[in-house]
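# Fold and contact review
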Amino acid sequence: MFDYEYYKQNYNAYSYMRDNVRKDNNRLRYHLMPPTGWLNDPNGLCQKDGTYHIYFQFSPFSSSWDIKLWGHYTTKDMINFKEEEPFLFPDIDFDRDGVYSGSAFVKDNNINYFYTGNVKLKDKQYDYINEGREQNIIHISSKDGIFKTNKKLIMTNNDFPKNMTKHVRDPKIYFEDDIYYMSLGARDKENRGCIILYKSIDLENFKYYNTIYTDYDFGYMWECPDIFKINNNLFLLCCPQGVEQQGDKYQNIYQNGYFKIDYDFIKNEYNLGDFVEFDKGFDFYATQTFQDEKGRRILYAWMGIPDADYTNPTTKYNWQHSLTMPRQLIEKDGRLYQKPLDELKSLRKDEIKCSINKFKNIKIEDICFEMNIEFLYNQEFNLQIRDDVFLIYKNNLLTLSLGKSGYGRDKRYIDIKYVKDITIFSDTSSLEIFINDGEYTMTTRVYSIDLKQQVKFLSENKGNILFYYLDGYNIEWR
Ligand code: FRU
């Protein structure tokens, strides 16, 4: 069993991983990565008494998919971070094959966590869809995000509607009118993805309330749901699996986006709007949001995707994947826009301010930068962001094209009628591109060998550039 004792006993034996990780030029400077090993979904995001807690799916001793813990970083300002000991271990029968994804809800003086205890039966052959798996919902609480109560099992597969497969997980709480709604991602027996809703008045006892479906085919499983309100607009975020590509939509193996949803919680009736993808890049999944003490709705996503058919070169250095940078969600006309969190401005160093044409003569010295481009009018362009990475706008298609440094990722595009501005956050091995005030984003990992790379316009354009080299996070490692 991978409990705390096992972790402690093996921690030193795996110290070579920590040494190896430090040698990798692709280690990111202002993103949260696993200290060693593997990272996927952000979990339990919250702020309590000024401190932000960022937990994540974590396999410390393996750089590929393995048994999951919850890793943990804390910060007060989103720039100075501390690596904490892992917060949750798979140490009871109900979560023995992984403490899977979950969330946090701060109530009174307590952080309430709900997560999925994953159990995989190995006594015989199973399909692991209808049989062979248990997914348990477990509750714990903590006053400081570090010390926690015992695990309390609150639901098992037997509590879920009878038409569900064994795939039901990733609890998240939405609170309205003194009622707590828990959403769970699910796959039903007809292989339709859906969200199951439970209702509670005390965060202890949950009663089945409803199941949310689209009235058309939309994948076989929806993971990582999140329901929240901004400016009186309710949104349901989730990650559908099994949706076919249609033009510029759904180019990745799995999807991550949101529906605008109108929910009459008295009549228990809902209306789903269209599904909008969060990101048009290669590496973006399992988004989770939370409201911080300033009232901002903040998003983190996993800058990776499950079951993708490429391997990242960082595995040679005993680590893989990272979270995106934190982004604030802004609602405009029922649509969500993403904005880099204001705190990231304090990473800015030297500023370069010039026209696009002048920028051509500047040699970029370091690949960690923020670049804001404002076009004077809608125009085609070809922007080189790495020696072999280009952002090209032509015939109403905005294409991100990666060469060798994409490690198998090649092109992603957006069908878009005008481009008025672009903001690029470039880190050693990642690009986060915000288009038209964050109406669209493209997020991807990219692995160049040399960190001095070409950044320049290959086309003639009219517009202005604000460019900053960026500092890294300050992380206090254990
Ligand atoms: C999403 C996901 C979740 C699950 C977790 C396991 O990436 O598959 O549904 O809880 O990862 O690590």
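Residues numbered from 1 in each chain as written. Predicted model: local features only at pLDDT ≥ 70, side-chain atom pairs only at ≥ 80, totals over all residues. Heavy atoms only, no water.

### Concerning the pattern of salt bridges
Applicable threshold: The term salt bridge refers to a side-chain nitrogen of Lys or Arg lying within 4 Å of a carboxyl oxygen of Asp or Glu. For the purposes of this entry, the term helix denotes a DSSP run of H or I that reaches at least four residues, the term strand denotes a run of E that reaches at least two, and both are numbered from the N terminus. Using a 1.4 Å probe on the protein chains alone, a residue whose accessible area is under 20% of its type maximum counts as buried, one over 50% counts as exposed, and one in between counts as partly exposed.
Taken as a whole and assessed by the stated rule, the structure comprises 37 salt bridges. Residue Glu-85 pairs with Arg-478 through a salt bridge whose shortest N-O separation is 3.6 Å. Pair noted here: Glu-85 is in the loop between β4 (80-83) and β5 (99-107) and Arg-478 is in the segment after β33 (474-476), with a separation of 393 residues, a long-range link. Its relative accessible area of 28% is what places Glu-85 among the partly exposed residues. Among the ionic pairs, Arg-348 bridges to Glu-370, the shortest N-O distance being 2.8 Å. Of this pair, Arg-348 sits in strand β22 (residues 348-355) while Glu-370 sits in strand β23 (residues 369-375); the two residues are 22 residues apart in sequence, bridging distant segments of the chain. Taking relative accessible area as the criterion, Arg-348 reaches 27% and is therefore assigned partly exposed.

### So, the domain arrangement of the protein
Selection criterion: As annotated, the domain borders come from an automatic or database domain assignment. A contact between two residues is defined here by any heavy atoms of the two lying within 4.5 Å. We define buried area as the total accessible area lost by two parts upon association, computed with a 1.4 Å probe and summed across both. We define a polar contact as two N or O atoms separated by no more than 3.5 Å, with the added condition that, inside protein, one atom must be a possible hydrogen donor and the other a possible acceptor, whereas residues neighbouring each other in sequence contribute only through side-chain atom pairs. All amino acids are sorted into three groups, where Ala, Val, Leu, Ile, Met, Phe, Trp, Tyr, Cys and Pro are nonpolar, Asp, Glu, Lys and Arg are charged, and the leftover types, Gly among them, are polar.
According to the domain assignment, the protein consists of domain 1 (4-342) and domain 2 (343-471). Facing 47 residues of domain 1, the contacting portion of domain 2 comprises 43 residues. Here domain 1 meets domain 2 over a buried area of about 3,900 Å², counting both sides, of which 52% is carbon and sulfur. Contact with domain 2 buries surface across domain 1, with Arg-29, Tyr-30 and Phe-282 losing the most and accounting together for 21% of the total. At the junction of domain 1 with domain 2, the criterion picks out eight salt bridges. Asp-342 is the partner of Lys-345 in a salt bridge, and the nearest nitrogen-oxygen pair spans 3.5 Å. Joining domain 1 to domain 2, the criterion identifies 36 residue pairs in polar contact (both at pLDDT 80 or more). Of the residues assigned to the side of domain 1 that touches domain 2, the class counts are 18 nonpolar, 15 polar and 14 charged.

### Regarding the layout of surface pockets
Stated precisely, the cut-off is as follows: Two kinds of site are reported from a 1 Å grid over the protein atoms alone, namely cavities, where a 1.4 Å probe fits but cannot get out, and pockets, open sets with protein on both sides within 12 Å along at least five of seven lines, and residues are called lining when an atom falls within 4 Å of a point. Grid points are joined across faces, edges and corners, and a volume is the space filled by probe spheres set on the points.
Taken as a whole, the largest pocket spans an internal volume of roughly 770 Å³. Lining the largest pocket are 38 residues; nearest its centre among them are Trp-65, Tyr-100, Glu-223, Pro-306 and Asp-307. Where the lining of the largest pocket is concerned, the elements lending two or more residues are β1 (37-48), β5, β6 (110-120), β9 (164-176), β13 (221-230) and β17 (285-291). Here the residues of the lining of the largest pocket sort into 15 nonpolar, 11 polar and 12 charged. Approximately 530 Å³ is the volume attributed to the second largest pocket. If you go around the second largest pocket, you meet 26 residues; those closest to its centre are Pro-340, Glu-370, Asn-372, Thr-423 and Asp-437. When contributions to the lining of the second largest pocket are tallied by element, the ones reaching two or more residues are β20 (327-332), β21 (335-340), β22, β23, β28 (421-427) and β32 (463-470).

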